[in-house]
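Notes for the structure review
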Amino acid sequence: MAKEAGERALADAGISYSEVEQAVVGYCYGDSTCGQRALYTIGLTGIPIVNVNNNCSTGSSALFLAKQLVAGGNADCVIALGFEKMERGSLSAKYTDRTNPLDKHVEVMLKTREVNVKTPFAPQMFGNAGREHMEKYKTTKEQIAKIAEKNHRHSALNPYSQFRDIYTLEQILSSPVIHEPLTKLQCCPTSDGAACAILASEDFVKKHKLEHQAVEILGAGMGTDMPGSFKDSCIKMVGFELSQKAARDAFSQANLSPSDIQVVELHDCFSANELITYEALGLCEEGKAGELVSSNNNTYGGKYVVNPSGGLISKGATGLAQCAELCWQLRGMCGKRQVTNAKVALQHNIGLGGAAVVMIYRLGFPDKWKPYQSVPNPAIEEPIIKPNSKL
């Protein structure tokens, strides 16, 4: 998977691996230096390779670091790669002989809600954040479920989605309850996959005549936990303030505001998290996320199109897959799922423990943009996957 993603990214950029100066690789489930082993399938050039693990924000953390390397003048071309080969079932702790990095998060739940030892902790955490939003702002479980209905509907047009089935709101609400208000169809799956991005300096882009397709990262923010995360709010415990800080930093760097955004890829590990993140990112006022959902201002024809890819609910997580989708959208490559007049895009990715990453994108040279004409088009063609192929 990593080999295929890396080779596709290089082919899209029209460069060889020998032109890459550094690499940042993200994965959670694997031994040390898996990033080296993955990239060795593409080339053996002796470049620095750094491995990153930041829970569900691992891919975007790799992207964040790669962006810093280029922006800081330390490299002209960096590859950011994310991949995961997961185990079946819900996420669980691997090391029980040491402090768990989520122990403070669990303490918040113990103080504010009942803990069910038979239910995985992740849906309890985000489900309890949804409950808090319902109690505080009168949000309904139908509004939360409607987010999942939207994302499943969007996924039907994405060949990279693990699940491409469309469900009615009634089907989503009547699927098995995992942790109120979350039902099974409002929870993301565990997935295997990989994605890759090539980051380059402006000089490198011009030298290789890539202005017609280059996408610029206007702003990049990362936030980690603050004191409010571990007090008495499940909304803050699952990363509201992290996301808010990352978004503010990204918007400040870009000199833009939420009203400038048309398309968003947002971390919908559970539908409740997408709801509360609308507010953290400034897409609506605090307490108004339910109204945003009810007004359909989070889908095609509305103010924003959130998760045109189908989001995590349809394919699991990697921040680099979000990056790929938004670059394709800005380049006008997405066919039937193309967002009309997509000029500025926002990416949001969060990992408990915690780290939130927000990126803001637009075309680097809008006046030199050209429609994508190569065949196949990676944004809409069914990917060729070879199960169990050796690296």
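See the structure shown above.
This is a predicted model, so every value here is computed, not measured.

1. Considerations on the sheet that holds strand β6 (residues 193-200)
- Taken together, the four strands give an open sheet; going across it, the order is β2-β1-β3-β6, and neighbouring strands pair in mixed fashion. Because the sheet does not close on itself, it has two edges, and the strands there are β2 (49-52) and β6. The average angle at which neighbouring strand axes cross in this sheet is 15°, direction not considered.
- Bridge analysis of strand β1 (residues 22-26) against β2 gives four bridges, and the strand direction is parallel. Bridging across to β2, alanine 23 finds its partner in isoleucine 49.
- In this fold helix α1 (residues 2-13) packs onto β3 (77-84) and β6, with an angle of close to 30° to the strand it touches most, β6.

2. Considerations on helix α11 (residues 271-280)
- For α11, a buried count of ten out of ten residues is recorded, marking the element as mostly surrounded by other parts of the structure.
- Where α11 is concerned, the buried positions are Ser271, Ala272, Asn273, Glu274, Leu275, Ile276, Thr277, Tyr278, Glu279 and Ala280.
- Glycine 282 lies just past α11 and shows a positive phi near 85°.

3. So, the pairing of β1
- Counting buried positions along β1 gives five out of five residues, so the element sits mostly inside the fold.
- Residues Gln22, Val24 and Gly26 of β1 are buried on one face, and the alternating residues Ala23 and Val25, pointing to the opposite face, are buried as well.
- What joins β1 to β2 is helix α2 (residues 34-40), and the crossover it makes is right-handed.

Conventions we followed
- Residues numbered from 1 in each chain as written.
- Predicted model: local features only at pLDDT ≥ 70, side-chain atom pairs only at ≥ 80, totals over all residues.
- Heavy atoms only, no water.
- Pairing = 2+ DSSP bridges.
- Helix = DSSP H or I, 4+ residues; strand = E, 2+ residues; numbered from the N terminus.
- Axes fitted to C-alpha atoms, helices over the stretch in contact; angles between N-to-C directions.
- Contact = heavy atoms within 4.5 Å.
- Buried < 20%, exposed > 50% of the residue type's maximum accessible area, 1.4 Å probe, protein only.
- Right-handed = clockwise from strand over helix to strand, strands pointing away.

Fair warning: the whole summary comes from geometry, so function is off the table for now.
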